[in-house]
Amino acid sequence: MGKKMSKRQEIEDSLRRAFEPTALEVVDDTESHRGHAGFTEGVESHFNVMIRSRKFEGLNRLSRHRAIHTALGPELISRIHALALDVDV
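1. Brief notes about the overall build of the protein
Part 1: When helices and strands are tallied, the protein shows 2 helices and 3 strands.
Part 2: Along the protein, helices and strands appear, N-terminal first, in the series α-β-β-α-β.
Part 3: For the protein, the C-alpha radius of gyration of 13 Å lies close to 12 Å, the compact-globule estimate for 89 residues.
Part 4: Residues counted as buried form 34% of the 89 residues belonging to the protein.
Part 5: Expressed as a percentage of contacts within the protein between residues at least 6 apart in sequence, the contacts between residues at least 24 apart total 63%.
Part 6: In the structure as shown, the protein presents an accessible area of about 5700 Å², 51% of it carried by carbon and sulfur atoms.
Part 7: One way to put it: in the protein the 14 positive side-chain charges average out to a point 4 Å from where the 14 negative ones average out.

Below, the structure written as structure tokens:
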């Protein structure tokens, strides 16, 4: 069996497939939350995402965030404690 893909990589791959972004950065920010709710040693749980895509054109902020959650899917979303989004065209 191969090595399990990181959540960070799963997020990045899902967003690339769904939005064909012109810019995408997915940062695992888990370590900065040590001692806070949702932190578990060795588990990726907090992420910052910056994404730019023409597919967000004409969508308001809430619709853009919903589109990202849909693209990631309920299974992956359920394994993330915090997801900070910076979404634009």
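2. Structural notes on the side chain of arginine 64
Part 1: Mapped onto the secondary structure, arginine 64 falls in helix α2 (residues 61–77).
Part 2: On the accessibility criterion, arginine 64 (13% relative accessible area) is buried.

3. Some thoughts on the nonpolar core
Part 1: Counting 15 residues, the largest nonpolar core has Ile11, Leu15, Val49, Ile51 and Ile68 as its most contacted members.
Part 2: Of all the secondary-structure elements, those providing two or more residues to this core are α1 (7–19), β1 (23–28), β2 (46–52), α2 and β3 (82–88).

4. Topic: the side chain of histidine 46
Part 1: Relative to the elements of secondary structure, histidine 46 occurs in strand β2.
Part 2: At 2.7 Å, the side chain of histidine 46 and the side chain of serine 45 are in polar contact.
Part 3: Once you skip the residues sitting within four places of it in the chain, histidine 46 turns out to touch Val27, Asp28, Asp29, Thr30, His33, Ala37, Gly38, Phe39, His81 and Ala82.

5. So, the sheet that holds β3
Part 1: Here 3 strands make up an open sheet; going across it, the order is β1-β2-β3 and the pairing mixed. For this open sheet the edge positions go to β1 and β3, each flanked by a neighbour on one side alone. Mean inter-strand twist for the sheet, computed between neighbouring axes without regard to direction, equals 10°.
Part 2: Bridge count between β1 and β2: 6 bridges; the pairing is antiparallel.

Analysis parameters
Residues numbered from 1 in each chain as written. Predicted model: local features only at pLDDT ≥ 70, side-chain atom pairs only at ≥ 80, totals over all residues. Heavy atoms only, no water. Helix = DSSP H or I, 4+ residues; strand = E, 2+ residues; numbered from the N terminus. Rg over C-alpha atoms; globule rule 2.2 N^0.38 Å. Buried < 20%, exposed > 50% of the residue type's maximum accessible area, 1.4 Å probe, protein only. Contact = heavy atoms within 4.5 Å. Areas by Shrake-Rupley, 256 points an atom, 1.4 Å probe, with all protein chains shown as cover. Lys, Arg positive; Asp, Glu negative; His and termini not counted. Charge placed at Lys NZ, Arg CZ, Asp CG, Glu CD. Core = buried A, V, L, I, M, F, W, Y, C linked by side-chain atoms within 4.5 Å. Polar contact = N/O pair within 3.5 Å; in protein donor to acceptor, adjacent residues only side chain to side chain. Pairing = 2+ DSSP bridges. Axes fitted to C-alpha atoms, helices over the stretch in contact; angles between N-to-C directions.

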